[in-house]
Amino acid sequence: MTQSSAVSQGTQPKVRIANVSKSFGASQVLRDISLDVSAGEVVSLIGASGSGKTTLLRCVNLLEPIDDGAILLDGDEISSVGRDPNPVRRRVGIVFQSFNLFPHMSVSRNITLALSKVLGQSGEEALERAAELLKRFGLAEKADVYPDQLSGGQQQRVAIIRALAMRPEVLLLDEITSALDPELVGEVLDVVRELKGSGITLLIATHEMGFAREISDRVCFLHTGTVAEIGTPSQVFSSPNDERTRQFLRRVMN
Amino acid sequence: MTSSSSSERRSFERAQRRRSTLIAAASTTAVLAAVIFLVPRMPRWDRVKKSFFDIDQASDSFPRLVDAFWLDVKIFVWTVPAIFIVGLLIAIARNTRTPALFPLRALAATYTDIMRGIPVILWIYLVGFGVPGLGLERPYNSPLLWGSVALAMTYSGYVAEVFRAGIDSVHEGQRAAARSLGLSSTQTMRFVVLPQAIRRVVPPLLNDLVSLQKDVALVSLIGPIEILRQAGIDKAKFANFTPYVVAALIFLSVTIPLTRLTDYLLSRERRRTSGTRVA
């Protein structure tokens, strides 16, 4: 691989997306896109619908195979063909726009399923971990409830907890507030705020510009499957260099 | 406009309900009366009554028919687990996604196509006479055994399609969530997809059981003396069709409760998965 020669261990990015392309049939969603994310960094992906944010996150979690390029985790190429994705997914979690909680399982079982089946934890150990996280995020009394009895905001918080329970090094958040009623957005974003600075690397696709500005170390504007602009929140939001960024921000801010 | 008070609304709804009950009762009574009044006036009613609804003949045949019906029940009871297991395996095979498993998918698809494409009776004849004809030793040459196998094969084709529809109805996001947590595809199928799929297809599966319960009688065509065949024997002996009517009533005594149970489960499932009902 091209990166290994140049990058030393200390400055190696946590996640390196190198010249990745991805098409669905005739439509190319990612075009030769590159992005490095450091350990513990919070990077937001903004951009219009269809700009490739969701696909990029799904590629990093190996839910979508890439056509070209490479994705590296700690310098290790995880996107190579034929590689078992499951060990990677233990280290890289994802939370979806539509929650995707398992409706036939209680909240607590949703969280413990992968702990016991993937990490091999005992039932007791897994339950303890679930209880600890539910308590930390104010959902302790919902442990035995089924997902359809929860509000959207609560469901999404459980989905975040389910991903966090695996102690991932990288957490991908895919428009996690887009399916929520406006008054429920805050409680979910509060969870993400609490994660910042905990050492976890966050890659966030979002339409919440205020939130992206507040929480991100860097903001990345995607346009038709490539990075059009990347910088600190104040630079991207206050003095964008790229004309397409300016147009996009003008549209979404008003 | 002032809105009507809630008591006014309630009494209106009560009146509506009373009205529909009255209409239903009246129309049922009218149809029954027509049948009771008209049928006995048909020219040959006396003969039909004697050869189809002979009470003495019925009570004479009844114990023999109930005895023979036990064989139907037994065939039913041992084919059902086989049908569910084979059907589920076929459905899972059709749902595999690895390119390397293409032959398995093709085989499963061919199996369901063939099983659903051949009339049950024909398949029972072919397997029930054909396999014992290979010269197998007792008890493996019994037409009863191979007739049941044929029945189970046909029904597993149908049941496989029901399971497959259930598996397909589980949203892709469920798989994505399970796989993203590191579960293997087998674990995802077992812990996330199948439990949801099976719950959804219980009512259509019961539907298939109701029709299996009737089709068990087809096994009689290759020899075993179950209720349909016993009724035929009695008919021949006494030159009276009443045993057939009794056999039909015995079938109904099982299939009607099973059908009601299916309807109940279906409506419960519908209530659970959809919103309020439109009147």
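Since this is a predicted model, take the numbers as computed values, not measurements.

Conventions used here
- Residues numbered from 1 in each chain as written.
- Chains lettered and ligands numbered in written order.
- Predicted model: local features only at pLDDT ≥ 70, side-chain atom pairs only at ≥ 80, totals over all residues.
- Pairing = 2+ DSSP bridges.
- Helix = DSSP H or I, 4+ residues; strand = E, 2+ residues; numbered from the N terminus.
- Buried ≥ 20, exposed ≤ 12 C-beta atoms within 10 Å, placed from the backbone.
- Axes fitted to C-alpha atoms, helices over the stretch in contact; angles between N-to-C directions.
- Parallel < 35°, antiparallel > 145°, perpendicular 65-115°, else oblique.
- Left-handed = near helix turned anticlockwise from the far one by under 90°.
- Nonpolar A, V, L, I, M, F, W, Y, C, P; charged D, E, K, R; others polar.
- Core = buried A, V, L, I, M, F, W, Y, C linked by C-beta atoms within 7 Å.
- Contact = placed C-beta atoms within 7 Å.

So, the pairing of strand 9 (residues 218–223) of chain A
Move 1: Two elements, strand 3 (residues 42–46) of chain A and strand 9 of chain A, share 4 bridges in a ladder whose sense is parallel. Residue pairing across strands places A:Ile46 opposite A:Phe221, the latter belonging to strand 9 of chain A.

Description of unusual backbone geometry
Move 1: At A:Leu62, a position not held by glycine, the phi torsion is positive, near 65 degrees.
Move 2: Structurally, A:Leu62 is set in the loop between helix 2 (53–60) and strand 4 (68–73).

Describing the environment of A:Glu194
Residue and element names in this part refer to chain A.
Move 1: Positionally, Glu-194 belongs in helix 7 (residues 182–195).
Move 2: According to the C-beta neighbour criterion, Glu-194 is exposed, with 12 such atoms within 10 Å.
Move 3: Separated by 52 residues in sequence, Glu-194 and Arg-246 place their C-alpha atoms 30 Å apart.

With respect to the packing of helix 3 (residues 55–95) of chain B against helix 6 (residues 143–169) of chain B
All names here are of chain B.
Move 1: Viewed as axis vectors pointing N to C, helix 3 and helix 6 meet at an angle of 45 degrees, and their least axial separation amounts to 6 Å. In terms of axis orientation, helix 3 runs oblique to helix 6. For the crossing formed where helix 3 meets helix 6, the hand is right-handed.
Move 2: Broken down by class, the residue content of the contact of helix 3 with helix 6 amounts to 16 nonpolar, 5 polar and 2 charged.

Description of the nonpolar core
Inside soluble globular proteins, nonpolar side chains tend to come together where they are buried.
Move 1: Counting residues in hydrophobic clusters, the biggest one holds 120 residues, and the most contacted among them are A:Val60, A:Leu172, A:Leu173, A:Leu203, B:Val159 and B:Phe163.
Move 2: Broken down by element, the residue count for this core peaks at 14 residues, all from helix 6 of chain B.
Move 3: Here B:Phe163 is in contact with B:Gly87, B:Leu88, B:Ala91, B:Ala197 and B:Val201, once residues within four sequence places are set aside.

Re the sheet that holds strand 7 (residues 170–174) of chain A
All names here are of chain A.
Move 1: Here we have 6 strands laid out as an open sheet, ordered 6-7-8-3-9-10, and mixed in their pairing. Sheet topology places strand 6 (92–95) and strand 10 (226–231) at the edges, where each strand pairs with a single neighbour. Between one strand and the next, the sheet's axes are offset by a mean angle of 20 degrees, whatever the strand orientation.
Move 2: The pairing of strand 9 with strand 10 spans 5 bridges and is classified as antiparallel. Within strand 10, the position partnered with Cys-220 by the bridge is Ile-230.
Move 3: Relative to strand 8 (residues 201–205), helix 2 is tilted by about 145 degrees, and along the sheet it contacts strand 3, strand 6, strand 7, strand 8 and strand 9.

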